[in-house]
Amino acid sequence: MEERQTFWDKMQEKGYTRRDFLKFCAWIGAASGLQASSIGSLVHAMETKPRPPVLWFHFQECTCCSESFVRSSHPIVADVVLDHISLDYTETLQAAAGHQAEEARRHTMEKYKGQYLMLVEGSIPTAANGVYCCIGGHTALDIVKEAAAGAAAIVAWGNCAYAGCVQGAKPNPTQATPIRDIIKGKPIVNVPGCPPIPEVMAGTIVHYLAFGRLPQLDSQGRPKAFYSRRVHDTCYRRPNYDAGLFVETFDDENARKGYCLYKVGCRGPVTYNACAVTKWNEATSFPIQSGHGCIGCSEAGNWDNAPLYEHLPGVLGYTSETDADTVGMVAAGITTAALGVHALTANARKRKQIRKQIEESPGGK
Amino acid sequence: MEQKGPSRVTFYVWQLPVRLFHWINALCIVLLIITGYLIGNPVALQNSQEAHMGHWFGTVRLIHFAAAYVFLFAWIYRIIYAFMGNQYARWTNYLPLSQKQWDEFKDVIAIDIFMMVEERKIHSPGHNSVACLSYLFLGLASVFQIASGFGLLAPMSEWWIADLFTWIVPMMDGDTNVRFWHHLMMWFFVIFTMVHVYIVAFHDYVEARGTTSSMIGGWKFVEEKDLQK
Ligand code: SF4
C-alpha cells in the first residue's frame, strides 16, 4: 500500500486550490465548534499528519448514515474525506467486492493494527450466536470484535450503533445491540440520529483525522459540540412555546402561523441534537421548520416511546394509547371512591364513640 | 351552670420548624402539581398575539422551577431538623424498624382503616406509624421528583444545584423516560394529598384531639383516660 497521504496532498491531487483548502478548514472547524484560534492547528494537522486508515463497517442498518454523509453540504467532504476513506474498506462505496474487499479489509487490519479508525454503521444482532447478520461467512458479532481489537478508536454512526434504532425496538427479535454494549475498553464516540446530520458526521471524523483524538464527549459518549443541547432549546419556534401558542391539530390556523408543535407530539424537549442549529440539506430546513414535530430519532428507545404524536409516551408502550394522566385520573377516582366508602362506614361504625364525645362535652347536648 | 367535659392533657407536638416545613411543603406541592399538570397539558388559549407579546407558558414553567427549588430546600431543612427536633420530629419515627412500630401499625389499620375495633389505643400523640410510613413514601417520591426534575432542568440551568442530578438521565436511558416517570409520579402527590387531608379530617372528627389545628398551633389534646391505655 502507498505511503499514507495528508489531506492537503490529497486535495492537491484532486485539483483543489490552497484557497479551497483553507476555506474547508475554516468551515469544518466552525461547524464542529472549534475556536477561531484553533483553526491554525487544524490547518497544520491537515497539511502534515498522514491520515490514519479508516474502515467503515455496515451491519444491521439501512445505509441512511452513509447516504447522509455523502450529502454533506461541503463537496470536499464527499470528495476527499470519503474518497480517501473508501480506499480502505466500506461495503457501499468501494470498488472492490467479495474476496477482494475482504482481502483489503484484512490487509488494513493487519498492517495498521492499533492505528486504524473503525466506523460502525448499524447494530449487532446477538441472538442465536449472531446469525441474523453475516458478511463473508462471518457474523457481525465476530467481525466487530475482531476489528475492534485492533482499532485505535471507534465511531458508532447513527441510532442503530448507539441504541439499536428500529430493529432494537421491542420485542427486538434479533437482540440488536449497540456497539457500546459489546465493545468495552476502547474509545467510542457515538453520533446518534437516524441518520446523523452530515456536518456532524464530517465534523466528528475530521476532528479525529486531524488531531488524532476524539472530540470532547458527554456522558453518553456523544460529541459535546453537537449533542449538548436539546432541539427544543435551540428551536426557532421556542418563543411560541413560551408564549403558550400551540398548534392543536396539523390543519388548524395555528399550524399555518407556525406555532409550537409541542401538543402535536414534538419530541424536541427530550432530544439532544443539532438539527435546529446546523439544519439539513445545506442548511435548508429541518423537520420542525417544515411543520412536523421532532420524532427524537437521536434518542435511545425513541421507537418504543409511542404514540408518536403525543409528547409523552403511553403507559404500556405502543400497544396502548393510555397515557400517564389517564392512569393517574383512574387512580385518583378509585381513591375518591375508597375515601367515600370509608367516610360512610366511619359514620356508621364510630357513631357510638362520636355520640359519647358530644354528650360528654359541655354544651354538647 | 358550668358543665365539665373529660379532662385532657395538652401536648406541644409540632414545633415551629415542623409546622413551617409542613406549610411550605404543602404550598410547593400544590403549586408543583398545578404547574406540572399545565406543562404536560397546556390549555389552548386562542388568541392572535405575536409570540413576543406573551409569556404565560414560560411563567408557568418559571413558577414550577422556583417552587421546585423551595421544595428541595424545604426537604433539606426538614431532614436536618429530623436530627434536632423533639421526639415527634425525629428521624427514627419515619423508618419502621422496630417491632413496636409494626404493632402500632396493625392497631391503626384495624382501628382507623377497617374500623374493626371499637376501643381506641393511643401509642403516641405524634404521628401514628401508618402515617409515618406514608411520609416515608412521600419523602422517597420527593427525592425521585427532585432528582428527575433537576436532571431535566440541568442542561438549561446555570447553577450547580441542577447539575448534581444529571446522573439520572443516562441511568433511566434518556430524557423521555425521565420525563414520563416524573409526570406519572405527580399523581402520587395528588393521591397522597387527597388521602392525607381526608385522614386528618377523619381523625379530628372521630377522636377530637385537634389533629387539624395542631399543624397551626402545635398543640394536641388527649383525654386522660385514653392515655392510660
Ligand atoms: S416545536 Fe418542538 S422543539 Fe420547537 S419549541 Fe415547540 S416543542 Fe420545542
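Reading the values: rules and limits
- Residues numbered from 1 in each chain as written.
- Chains lettered and ligands numbered in written order.
- Predicted model: local features only at pLDDT ≥ 70, side-chain atom pairs only at ≥ 80, totals over all residues.
- Heavy atoms only, no water.
- Helix = DSSP H or I, 4+ residues; strand = E, 2+ residues; numbered from the N terminus.
- Buried < 20%, exposed > 50% of the residue type's maximum accessible area, 1.4 Å probe, protein only.
- Contact = heavy atoms within 4.5 Å.
- Areas by Shrake-Rupley, 256 points an atom, 1.4 Å probe, with all protein chains shown as cover.
- Lys, Arg positive; Asp, Glu negative; His and termini not counted.
- Charge placed at Lys NZ, Arg CZ, Asp CG, Glu CD.
- Buried area = accessible area lost by both parts, 1.4 Å probe.
- Salt bridge = Lys/Arg side-chain N within 4 Å of Asp/Glu carboxyl O.
- Nonpolar A, V, L, I, M, F, W, Y, C, P; charged D, E, K, R; others polar.
- Near = heavy atom within 4 Å.
- Domains from an automatic or database assignment.
- Pairing = 2+ DSSP bridges.
- Arc of directions from axis to C-beta.
- Expected span 1.5 Å × (residues − 1).
- Patch = residues over 30% accessible without salt bridge, like charges linked within 9 Å, V, L, I, M, F, W, Y side chains within 5 Å.

Is there a simple way to explain the overall build of chain A in this structure?
In terms of regular secondary structure, chain A is built from 17 helices and nine strands. The dimensions of chain A, computed from C-alpha atoms along their principal axes, are 110 × 50 × 40 Å. For chain A, with 365 residues in total, the buried portion stands at 55%. In chain A, of all internal contacts separated by at least 6 residues, the share reaching a separation of at least 24 is 72%. With an accessible surface of roughly 15800 Å², chain A has 56% of that area assigned to carbon and sulfur atoms. Averaging the coordinates of the 37 positive side-chain charges in chain A and doing the same for the 36 negative ones gives two points 10 Å apart.

Is there a simple way to think about the interface of chain A and chain B in this case?
When the parts come together, some accessible area is lost, and that loss is often what is quoted as the size of the interface. If you look at the interface, chain A gives 59 residues, while chain B gives 58 residues. Across the chain A/chain B interface, buried area totals approximately 4800 Å², and carbon plus sulfur atoms make up 55% of it. Between the two partners, chain A and chain B, sit one salt bridge. Arg230(A) is paired through a salt bridge with Asp175(B); the nearest N and O atoms lie 3.0 Å apart. For the side of chain A that touches chain B, the secondary-structure elements that each account for two or more residues are α13 (238-242), α14 (253-257), α16 (324-349) and α17 (351-360) of chain A. Here the side of chain A that touches chain B takes 16 residues from α16(A), the largest share from any one element. Classifying every residue of the side of chain A that touches chain B by side-chain character gives 24 nonpolar, 18 polar and 17 charged.

Would you mind going over the site of the ligand with me for this structure?
Around the ligand, a shell composed of His232(A), Cys235(A), Arg237(A), Arg238(A), Tyr241(A), Cys260(A), Leu261(A), Tyr262(A), Cys266(A), Gly268(A), Pro269(A) and Ile288(A) is seen. A breakdown of the residues in the shell around the ligand according to their chemical character gives eight nonpolar, two polar and two charged.

Which parts of the structure should I look at to understand the domain arrangement of chain A?
Residue and element names in this part refer to chain A. Domain parsing of chain A yields domain 1 (7-226) and domain 2 (229-365). Between the C-alpha centres of domain 1 and domain 2 there is a distance of 38 Å. Across the contact, 21 residues belong to domain 1 and 16 residues belong to domain 2. In total, domain 1 and domain 2 occlude about 1500 Å² of area from one another, counting both sides; carbon and sulfur atoms represent 60% of this. Area buried by domain 1 at its contact with domain 2 is led by Lys 170, Ile 197 and Phe 226, which between them contribute 31% of it. At the surface where domain 1 touches domain 2, the tally comes to one salt bridge. The salt bridge partner of Glu 299 is Arg 222, with a shortest N-O separation of 3.7 Å. Secondary-structure elements contributing two or more residues to the side of domain 1 that touches domain 2 are α8 (158-163) and α10 (198-211). Class assignment of the residues belonging to the side of domain 1 that touches domain 2 gives a composition of 14 nonpolar, four polar and three charged.

Explanation requested: the pairing of strand β3 (residues 116-121) of chain A in the structure shown.
Regular strands place side chains that alternate from one sheet face to the opposite one. All names here are of chain A. Among the six residues that make up β3, six are buried, leaving the element largely enclosed by the rest of the structure. The side-chain alternation of β3 yields two buried faces, one formed by Tyr 116, Met 118 and Val 120 and the other by Leu 117, Leu 119 and Glu 121. By the bridge criterion, five bridges tie strand β1 (residues 54-58) to β3 in an arrangement that is parallel. Counterpart to Leu 55 in the pairing with β3 is Met 118. Sheet analysis places β3 next to strand β7 (residues 151-157), joined by six bridges and oriented parallel. If you follow Tyr 116 over to β7, its bridge partner there is Ala 151.

I'm lost on unusual backbone geometry in this one. Help?
Most peptide bonds take the trans configuration, and most residues that are not glycine carry a negative phi. Residue and element names in this part refer to chain A. With an omega of 5°, the peptide bond running from Lys 170 to Pro 171 counts as cis. As for its placement among the helices and strands, Pro 171 is situated in the loop between α8 and β8 (176-177). At the junction of Cys 194 and Pro 195, the peptide bond is cis and its omega measures out at -5° in the coordinates. With respect to the secondary-structure elements, Pro 195 resides in the loop between β9 (188-191) and α10. For Lys 279, which is not a glycine, the phi torsion comes out positive at approximately 60°. Note on placement: Lys 279 falls in the loop between α15 (275-278) and α16. Of note, Glu 282 is a non-glycine position whose phi angle comes to about 55°, a positive value. With respect to the helices, strands and loops of the structure, Glu 282 is situated in the loop between α15 and α16. On the basis of relative accessible area, Glu 282 is assigned to the exposed category, the value being 60%.

Quick question: what am I supposed to make of helix α3 (residues 39-48) of chain A here?
Given 3.6 residues to a turn, an α-helix orients residues that are three or four positions apart in the same direction. Residue and element names in this part refer to chain A. Those residues of α3 that sit buried are Ile 39, Leu 42, Val 43, Ala 45 and Met 46. Along α3, the residues classed as buried sweep out an arc of 165° about the axis, all on the same side. Close packing links the buried residues of α3 with α1 (7-13), α2 (18-31) and α10.

Any chance you could explain helix α6 (residues 98-111) of chain A here in plain terms?
Residue and element names in this part refer to chain A. Between the first and last C-alpha of α6 there are 20 Å, a value that for 14 residues agrees with the 20 Å anticipated at 1.5 Å per step. Where α6 is concerned, the buried positions are Ala 101, Glu 102, Arg 105, Thr 108 and Met 109. Taken end-on, α6 shows its buried residues confined to a sector of 125°, consistent with a single buried face. Set apart from the buried face of α6 by more than 90 degrees, the exposed residues are His 99, Gln 100, Glu 103 and Glu 110.

So what exactly am I meant to see when it comes to the environment of Val130(B) here?
All names here are of chain B. On the secondary structure map, Val 130 appears in helix α4 (residues 129-153). With 30 residues separating them in the primary sequence, Val 130 and Lys 100 have C-alpha atoms 12 Å apart. With sequence-adjacent residues up to four places away left out, Val 130 is seen in contact with Phe 105, Val 108 and Ile 109.

For this particular structure, what's the right way to read a nonpolar patch on the surface?
Residue and element names in this part refer to chain B. Where nonpolar side chains cluster on the molecular surface, the patch consists of Phe 73, Ile 76, Ile 79, Ile 80, Phe 83, Met 84, Trp 91, Leu 95, Leu 97, Trp 159, Trp 160 and Leu 164 and spans about 1300 Å² of accessible area. Ranked by residue count, the leading element in the nonpolar patch is helix α2 (residues 56-81), at four residues. Its place among the elements puts Met 84 in the loop between α2 and α3 (99-113).

Looking at this structure, I do not really get the pairing of β9(A). What am I missing?
Residues and elements named next belong to chain A. Here β9 shows two buried faces, one formed by Ile 188 and Asn 190 and the other by Val 189 and Val 191. Two strands pair when backbone bridges link them, and β7 and β9 are joined in this way by four bridges, in the parallel orientation. Looking at the pairing, Ala 156 lines up with Asn 190 of β9.

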